[in-house]
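Structural features, examined
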Amino acid sequence: METGASGKRVAWCSSWLRRSRGAFEIVAAALRRAARKRLVYINESELRVEFTNGGCCHFGYSGEHPDLLYGENYDLVIIDEASRQPEATFIAARSTVTATGGRIRISFNTDRPRRHWSSQGLIRARTGTLPEHGWITLATADSPFVGLGEVEEARSVMPEKIFRALYLAEIQDEGAGVFPPIPWGGELEEPQNRIRYVTGVDLAKTRNWTVLTTLRRDTGQVVDFQRFHGRSWTSQKETICDTQKRWQSLVVADATGLGDPVAEDLLALLPSTFFPVVITSGSSVTQDADGAKVPRHVLIETLINACERKDISIPKTDKTEVIGLEMDSFDWKITGSRQIQYVPTGDDDTVLSLSLAVWALRNVAHHATTLDDVSFGKSEGPYQFTEPSGWGNPS
């Protein structure tokens, strides 16, 4: 803010627009009195604070759309949570300070792999490879605001590499994020005869995203990916039914909260190929022929394990790259009961959609009695399905 108040232009870029908006709201709240005196102008729609001397601070950027930085000139660009942003953010930021001779400030946790662009920048600055770049590390364990007891508790419940990254500010060779390296590979494809599929669905109405992720049962390959928001429930149900019809897939959908009535409608539309899942905060899975209740941490851990074993593969395209961004946004948190929670710093819709599909591959596809009744194959009418002979039971 000091730079903006001095008449210069500042850009703030967080990993997700939601986080950039949060930073803007904190600054705007602190400047309300100055705004009433017309010393500053707060532009809510553009997430911008403007000063009477021509300076400004613009918070409308994120790692989701780094290209929006191009074409601007700034004296200072702050990249917040850089380890959860693509290198494209840094490249775009460089273009905005070239003409002004401005600076870039980068902040991040050291829980990403050594090969990540933010880690590489810190290593080069620290070793003197880039002597013009300043650097500083602030270990959580050394903070006067964090008690020794809390540090020791974290040490006792966290995997060592995660503790050393988050509390000692040590870069780990393979990173210390929630997810292992993302298993990129393969291509999106068209439906194939005699191949079975599972579609994971995370529902949302307005602010968040509805995501449909379809996997092959035999290889775990992601073959279809759809992501949209702001559509009516009627439109969303039509898309889900059309997707099921196209892939002849078992649809496993989040039936929590707002999704519950939608799930009831889908169960009526897809009586033998729809499996609702209520995502809970508990510790155990309950499952019957009508659906399942699955703890959130179980879904996330199932996806973590699948990535570690490379049981799944995700084509890397312009559409699917958001899956990697969301995976990279996940952090760890210790609860009061000394359990680890998986907490996204941004959206988690694509991760939950993929997790539901992967969980179904491992559980519903092999154990649920419902699947003995699920039929696949050519449609004989609107969302009514029969099973071709010779397919046998799911394995």
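**Quick look at the overall build of the protein chain**
The helix and strand tally for the protein chain stands at 13 helices and 17 strands. Accessible surface, the protein chain: about 19200 Å² in total, of which carbon and sulfur atoms supply 49%.

**Some details on the nonpolar core**
Core analysis: the largest hydrophobic core is formed by 48 residues, its most contacted members being Phe 179, Ile 300, Leu 303, Met 327, Leu 354 and Trp 359. Element by element, the count of residues in this core is highest for helix α12 (residues 349-367), at ten residues. Look past the residues within four positions of Ile 300 in its chain and what remains in contact with it is Val 178, Phe 179, Phe 330, Tyr 342, Val 351, Leu 352 and Ser 355.

**With respect to the pattern of salt bridges**
In total, this model carries 18 salt bridges according to the counting rule given. In this structure, the salt-bridge partner of Glu 152 is Arg 155, at a minimum N-O distance of 3.3 Å. With Glu 152 and Arg 155 both in helix α6 (residues 148-157) and three residues apart, this pair spans about one turn of that helix. Looking at Arg 155, the relative accessible area reads 41%, which means it is partly exposed. Among the charged side chains, a salt-bridge network with shared partners connects Glu 46, Arg 48 and Glu 50.

**Some words on the sheet that holds strand β1 (residues 9-14)**
The sheet built from six strands is open, its strands ordered β2-β3-β4-β1-β5-β6 with mixed pairing. One side of each edge strand has no neighbouring strand; the edge strands of this open sheet are β2 (40-43) and β6 (103-106). Strand-to-strand twist of the sheet, defined as the mean angle between neighbouring strand axes without regard to direction, takes the value 20 degrees. Judged from the four bridges that link them, strand β5 (residues 76-79) and β6 form a sheet pairing that is parallel. Along β6, the bridge assignment pairs Ile 79 with Ile 106.

**Details of the packing of aromatic side chains**
By the definition in use, this model includes seven aromatic pairs. On the basis of an interplanar angle of 85 degrees and a centroid distance of 6.1 Å, the ring pair of Tyr 61 and Tyr 74 is categorised as edge-to-face. In this pair, Tyr 61 is assigned in strand β4 (residues 56-62) and Tyr 74 in the loop between β4 and β5, connecting sequence segments 13 residues apart. Neither Tyr 61 nor Tyr 74 differs from the other in exposure class; each is buried. Pairwise contacts between aromatic rings join Trp 12, Phe 24 and Phe 59 into one cluster. Lying across the ring of Trp 135, Arg 126 places its NZ or CZ 5.8 Å from the centre. When the ring centre of Phe 228 is taken as origin, the NZ or CZ atom of Arg 231, which lies over that ring, is 3.9 Å away.

**Examining the sheet that holds strand β12 (residues 286-288)**
If you walk across this open sheet you meet the seven strands as β9-β8-β7-β10-β11-β13-β12, and the pairing is mixed. Of all strands in the sheet, those bounded by a partner on one side alone are β9 (222-228) and β12. The mean angle between the axes of side-by-side strands here comes to 20 degrees, regardless of whether they run parallel or antiparallel. Note that strand β11 (residues 274-280) and strand β13 (residues 291-295) share four bridges and pair parallel.

**Some remarks on helix α5 (residues 117-127)**
Along α5, the positions that sit buried rather than exposed are Trp 117, Ser 118, Ser 119, Leu 122, Ile 123 and Ala 125. Contacts made by the buried residues of α5 are with β5, α4 (87-97) and β6. One or two residues past the end of α5 sits Gly 128, with phi positive at roughly 90 degrees.

**So, the confidence of the model for the protein chain**
When pLDDT is averaged along the protein chain, the result is 86, and 89% of the positions lie at 70 or above. Between residues 366-395, whose pLDDT stays under 50, and residues either more than four places distant or in other chains, the model counts 72 contacts.

**Observations concerning the environment of Val 198**
Tracing the backbone shows Val 198 in strand β7 (residues 197-202). The exposure class of Val 198 is buried, given its relative accessible area of 0%. A C-alpha to C-alpha distance of 9.4 Å links Val 198 and Gly 220, two positions 22 residues apart in sequence. If we ignore the near neighbours within four places in the chain, the residues touching Val 198 are Thr 213, Thr 214, Leu 215, Arg 217, Ser 249, Leu 250, Val 252, Ala 357, Ala 360 and Leu 361.

Quick notes on the rules
- Residues numbered from 1 in each chain as written.
- Predicted model: local features only at pLDDT ≥ 70, side-chain atom pairs only at ≥ 80, totals over all residues.
- Heavy atoms only, no water.
- Helix = DSSP H or I, 4+ residues; strand = E, 2+ residues; numbered from the N terminus.
- Areas by Shrake-Rupley, 256 points an atom, 1.4 Å probe, with all protein chains shown as cover.
- Core = buried A, V, L, I, M, F, W, Y, C linked by side-chain atoms within 4.5 Å.
- Buried < 20%, exposed > 50% of the residue type's maximum accessible area, 1.4 Å probe, protein only.
- Contact = heavy atoms within 4.5 Å.
- Salt bridge = Lys/Arg side-chain N within 4 Å of Asp/Glu carboxyl O.
- Pairing = 2+ DSSP bridges.
- Axes fitted to C-alpha atoms, helices over the stretch in contact; angles between N-to-C directions.
- Phe/Tyr/Trp six-rings, centres within 6.5 Å; stacked < 30°, edge-to-face > 60°.
- Lys NZ or Arg CZ within 6 Å of the ring centre and 35° of its normal.
- pLDDT = per-residue confidence, 0-100.

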